[in-house]
Amino acid sequence: MARRTLEKNMIIHTVVALAVMVVNYALEISRLEWLISVILIGVVCAAEIFNTAIEKLADRVTTEHDPIIGQVKDLASGAVLIVCIAAAACGVVIYWPYLF
């Protein structure tokens, strides 16, 4: 199941990353803004991979329900969500002057 989750989530992240690159190109954003975008794409993808690694390791430890392992998985997923929200906020800051 974790593999399917990684693949599904990485497909979503890849589609969003490609959309960001297209928008960056279309808006002719600065070199620094490109650099920030690329770094954020890498951080989001790395966070997703770390989350999946934690989930796989936890599933390897035990397949039975364990409240601590559940909390660890929730924290890892929450970290991915926070990174994605921060990346989206940076996108708003970068794109706002070009759009309005």
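Coordinates for the structure precede this section.
Considerations on helix H2 (residues 31-61)
1) Next: Taking 1.5 Å per residue as the helical rise, H2 with its 31 residues ought to reach 45 Å, and the 45 Å between its terminal C-alpha atoms agrees with that figure.
2) Next: Among the residues making up H2, those that are buried are Glu-33, Ser-37, Ile-41, Val-44, Cys-45, Ala-47, Glu-48, Asn-51, Thr-52, Glu-55 and Ala-58.

Let's talk about the packing of H2 against helix H3 (residues 67-99)
1) Next: The interhelical angle for the contact between H2 and H3, taken along N-to-C directions, is 170°, at an axis separation of 9 Å. Taken together, the axes of H2 and H3 are roughly antiparallel relative to one another.
2) Next: Each residue belonging to the contact of H2 with H3 can be placed in one class, and the counts come to 18 nonpolar, three polar and five charged.

Brief notes about the layout of surface pockets
The rolling of a water-molecule-sized probe over the atoms marks out the regions of remaining empty space.
1) Next: Estimated volume of the largest pocket: approximately 330 Å³.
2) Next: As for the largest pocket, its lining consists of 16 residues, of which Val-16, Val-20, Ile-41, Ala-87 and Ala-88 are closest to the centre.
3) Next: Among the elements that take part in the lining of the largest pocket, H3 stands out by supplying six residues, more than any other.
4) Next: Grouping the constituent residues of the lining of the largest pocket by class yields twelve nonpolar, four polar and no charged.

Section: the pattern of salt bridges
1) Next: Scanning all chains against the criterion turns up one salt bridge.
2) Next: Between Asp-59 and Lys-73 there is a salt bridge, with the nearest N and O atoms lying 2.5 Å from each other. Here Asp-59 is found in helix H2, whereas its partner Lys-73 is found in helix H3, with 14 residues between them in sequence.

Cut-offs and rules
- Residues numbered from 1 in each chain as written.
- Predicted model: local features only at pLDDT ≥ 70, side-chain atom pairs only at ≥ 80, totals over all residues.
- Heavy atoms only, no water.
- Helix = DSSP H or I, 4+ residues; strand = E, 2+ residues; numbered from the N terminus.
- Expected span 1.5 Å × (residues − 1).
- Buried < 20%, exposed > 50% of the residue type's maximum accessible area, 1.4 Å probe, protein only.
- Axes fitted to C-alpha atoms, helices over the stretch in contact; angles between N-to-C directions.
- Parallel < 35°, antiparallel > 145°, perpendicular 65-115°, else oblique.
- Nonpolar A, V, L, I, M, F, W, Y, C, P; charged D, E, K, R; others polar.
- 1 Å grid on protein atoms, 1.4 Å probe; cavity = no way out; pocket = protein on both sides within 12 Å on 5 of 7 lines; lining within 4 Å.
- Points joined across faces, edges and corners; volume = space filled by probe spheres on them.
- Salt bridge = Lys/Arg side-chain N within 4 Å of Asp/Glu carboxyl O.

Purely spatial values, then, with no claim about function.
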